[in-house]
Amino acid sequence: MAAGAQPADPAYASLDRAYAALRAHDYDTAVAQFQSAVALSPRRAAIRKDLAYTYLKIGEPVLARDQFRDAVTLDPADITAALEFAFLCNETKQQAEARRTFDRIRRSATGAQKETAERAFHNIDDPLASGIERWQRAIAMGADNFSAHFELATLAEQRDELVLAAIHFERAWRLLPDRRTVLVDLGRVWRAQDRTADANAALLAASRGGEPRAAEMARELLPARYPFVAEFRAALALDPANHELRRELAFLFLRMDQEAEAEAELRVLTQNAPDDLLSATQLGFLLYGRGERLAAQPLLDRVLAGNDEELANRVRAVLRLPQLIKSRDQKPASVDAKVMAERSLKAGYVKDALHYFETAHESDPADFDVMLQLAWTNNILHRDAIAFRWFDLARHSPDPKIATEAERGYRNLRAASRRFNVTGWLYPVFSTRWHDAFGYGQIKTEVNLGLWFRPYVSARLIGDTQEAPNLSERSVIFAVGMVTRPWHGVTAWGEAGIALSYAKLTATPDYRGGIAYAKTVHEGRWFTATTLDALFVSRFNNDFLVYSQNRAGYGPLYWNFNLTTDVRRQDWANFVETGPGVRVPIAESMYVTFNALRGRYLIGGSERRPGFSDFRAGLWYAFTR
């Protein structure tokens, strides 16, 4: 029996704890245990799939994608994992990889999986093909500019037309040499074509000089070793105006005791880059050391007249001239770091921006603007606890603008981090359609348990002056409930309570809950706003209603398009309406709205006319404590 026994599963204990954590919805523990199981059994694709699905539950599509990639590598016949990987590649902006994977699946799979891969492949490939054709036609008609070549190259790379991509990435870069990231794109495509020497030349050129982000991207793709002289030569042949690259080659020659080669490169630099005082200093020292003082003097004079006091003092030391005291009004290093942080933020490289802002703070700890930017950057990265501390520091700024903005961020995050959070809103509104005034409001106290949901107690007011049917319950509703944390604009909630009618003096059980989605997009003063509520209400005969409210406009002016429908097909709850509106701010979190709407019922058979007009005037107020 001992001889025939199977060896113990080394990952069993970790997997047992992982699945138990999944059943308890403790996803952080499940992730940790699955990671432990992967380390113990790295060749088991099924564990990586379960880890990937767990990552999806906590909203980590990139991590999930990487685990599905490993699962497919370990088990290429697993079409389900391959499809999941392909869809996640597409979702995380890796279209080329998604297209290749869907293409492979559609050629090898059968049945429904083949059809799914075929549709997904064409959803990606067809727009790429038409885009390539469109840009080729535009270039043929004379659009010989950076954007045309770059867009064509980008589409070609995503479609695996690498020869076409390389040609147009290079043409785009030649038109705008300062766009160093295009050199990285070119190097990446050449590497995919197995043109290793050309790829390393492009990446080496991109890694020296120009955009810091491009340099960082290039270094990640370069070999870990230091470049060879021949690679420097190839990079300079591609990018002869790259002065930092040429200077580094010159100093490499000096370390190799190849003074003649170093001097040749330095002469090119001093001729083509007269502001390169470091190269002028080094060449001047070489000539001075050889006794060619007349030839060295113009170069050393250039350095003495320049704005680099440290280099100038080194020259003075060689020439035995008096040293100058270093200027006290030099620009602090924090200024350059702030500039780089702002550029990184504008380009969407938030983690790079955070690094630069931290460097700026180290250089000037009293810069309140940097503290504020650190707060916002950490907030963007969902590091709210750290952002809260930076807002707290920045709100003590002597600059009222910085202090006000920091105070607002501090209050918002304080509300999110406090144990108890009280919110309230009130919306009285008059409607000509019903010839009635309505009052809606709620005050709610949430308990922050540090979990994905928050329990709360609530008092809700729904009333009117004329007792309009189905629009006013003329009650105060006391309830307890739970609400989830927002996820991509979506929240779910549910509550149970009792409705106390102030008109009839009755008490009725009340159950309601649903899912809410909200998103607003701003472009200057232009904006679009969408709210979607799916709501169960026990009062309306256990009905399920859906409200969609959409606005688009400029500044205070906008246009409405609203839809209301329900499951029980009640005539009053099924209509569309549209029309102009205006929102006038009065104070913070308070504004007046006016809307002129024209609508139509979607279900007939009632005494109402199918069409209606409505003018609404309302006052919105909200607060958080």
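Remember, it's a predicted structure, so these values are computed and weren't measured experimentally.

Caption draft 1: Spotlight on the overall build of the chain. Looking only at helices and strands, the chain has 23 helices and 12 strands in total. Against the compact-globule benchmark of 25 Å for 625 residues, the chain has a radius of gyration of 33 Å, which places it well outside the compact range. For the chain, the C-alpha atoms occupy an extent of roughly 110 × 80 × 65 Å along the three principal directions. Taken across its 625 residues, the chain has 40% of its residues classed as buried. Long-range pairs, those at least 24 residues apart, make up 45% of the contacts in the chain with a sequence separation of at least 6. Only carbon and sulfur atoms are counted for the fraction: they give 57% of the accessible area of the chain, which is about 34500 Å². Of the side-chain charges in the chain, 79 are positive and 78 negative, and the distance between the mean point of each set is 3 Å.

Caption draft 2: Here's a closer look at the side chain of Asp 78. Along the chain, Asp 78 turns up in the loop between α4 (61–74) and α5 (79–91). Owing to a relative accessible area of 13%, Asp 78 belongs among the buried residues under this scheme. Within the structure, Asp 78 has its side chain in polar contact with the backbone nitrogen of Ala 81 (distance 3.1 Å).

Caption draft 3: The pattern of salt bridges, seen in detail. Inspection of every chain in the model, using the stated rule, returns 39 salt bridges. Notably, a salt bridge pairs Glu 161 with Arg 159, separated by 2.7 Å at the nearest N-O pair. Among the ionic pairs, Asp 510 bridges to Arg 512, the shortest N-O distance being 2.9 Å. Just as Asp 510 is buried, Arg 512 falls in that class too. The network of salt bridges with common partners includes Glu 97, Arg 99, Arg 100, Asp 125, Arg 159, Asp 160 and Glu 161.

Calculation rules
- Residues numbered from 1 in each chain as written.
- Predicted model: local features only at pLDDT ≥ 70, side-chain atom pairs only at ≥ 80, totals over all residues.
- Heavy atoms only, no water.
- Helix = DSSP H or I, 4+ residues; strand = E, 2+ residues; numbered from the N terminus.
- Rg over C-alpha atoms; globule rule 2.2 N^0.38 Å.
- Buried < 20%, exposed > 50% of the residue type's maximum accessible area, 1.4 Å probe, protein only.
- Contact = heavy atoms within 4.5 Å.
- Areas by Shrake-Rupley, 256 points an atom, 1.4 Å probe, with all protein chains shown as cover.
- Lys, Arg positive; Asp, Glu negative; His and termini not counted.
- Charge placed at Lys NZ, Arg CZ, Asp CG, Glu CD.
- Polar contact = N/O pair within 3.5 Å; in protein donor to acceptor, adjacent residues only side chain to side chain.
- Salt bridge = Lys/Arg side-chain N within 4 Å of Asp/Glu carboxyl O.

Don't take any of this as a statement about function, it's just geometry.
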